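Letter by letter, the chains look like this.
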Amino acid sequence: MELQIGKIYDVFSSRKGKFRIKLTSQCETWATGIITKGKAKAIREYNEREKGEEITVRKSFSSFTEVL
């Protein structure tokens, strides 16, 4: 699936959990967006991200489903 900047995706990351983002940038390895729903988990609490915050995930560790 080719991701498109500006679209909204449900993300399942094996490292950061489940959340929804609005995609703001991407490259071959990474996808970055603003969380619109949910919370991105992390090993360290200070690395967790919530609604309205920017998050970057490794595409190879994540699945993306477009929200229509």
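Coordinates for the structure precede this section.
Predicted, not measured: the structure shown is a model, and the values here were computed from it. (Residues numbered from 1 in each chain as written. Predicted model: local features only at pLDDT ≥ 70, side-chain atom pairs only at ≥ 80, totals over all residues. Heavy atoms only, no water.)

Our focus in this paragraph is the overall build of the protein chain. Looking only at helices and strands, the protein chain features 0 helices and 5 strands. Its helices and strands taken in sequence order, the protein chain reads β-β-β-β-β from the N to the C terminus. Against the compact-globule benchmark of 11 Å for 68 residues, the protein chain has a radius of gyration of 11 Å, which places it among compact chains. Referenced to the eigenvectors of the C-alpha coordinate spread, the extents of the protein chain come out at roughly 30 × 20 × 15 Å. Buried positions account for 25% of the 68 residues belonging to the protein chain. Pairs at least 24 residues apart make up 41% of the contacts formed inside the protein chain by residues separated by at least 6 positions. About 4,800 Å² of surface is accessible on the protein chain, with carbon and sulfur atoms providing 48% of the total. (Helix = DSSP H or I, 4+ residues; strand = E, 2+ residues; numbered from the N terminus. Rg over C-alpha atoms; globule rule 2.2 N^0.38 Å. Buried < 20%, exposed > 50% of the residue type's maximum accessible area, 1.4 Å probe, protein only. Contact = heavy atoms within 4.5 Å. Areas by Shrake-Rupley, 256 points an atom, 1.4 Å probe, with all protein chains shown as cover.)

Attention now goes to the nonpolar core. One finds L3, Y9, V11, F19, I21, L23, A31, I35, A40, I55, V57 and F64 forming the largest nonpolar core, which totals 12 residues. Counting only elements with at least two residues in this core, the list comes to β1 (8-13), β2 (17-26), β3 (30-38) and β4 (54-58). Setting aside residues no more than four positions away along its own chain, I35 makes contact with F19, R20, I21, A40, R49, E50, K51, G52, E53 and I55. (Core = buried A, V, L, I, M, F, W, Y, C linked by side-chain atoms within 4.5 Å.)

Before going further, it helps to examine the side chain of T32. You can see T32 is positioned in strand β3. A distance of 2.9 Å separates the side chain of T32 from the side chain of T56, its partner in a polar contact. Those residues within four positions of T32 in sequence are excluded, and the remaining contacts are K22, L23, T24, S25, E54, I55 and T56. (Polar contact = N/O pair within 3.5 Å; in protein donor to acceptor, adjacent residues only side chain to side chain.)

Along any regular strand, the residues point their side chains to alternate faces of the sheet. Going residue by residue along β1, you find Y9, V11 and S13 tucked away on one face and I8, D10 and F12 left uncovered on the opposite face. With 6 bridges joining them, β1 and β2 adopt antiparallel strand pairing. Note that in β2 the partner of Y9 across the bridge is I21. Across 5 bridges, β1 lies against strand β5 (residues 62-66) in antiparallel orientation. (Pairing = 2+ DSSP bridges.)

Any functional reading would require information that these geometric values do not contain.
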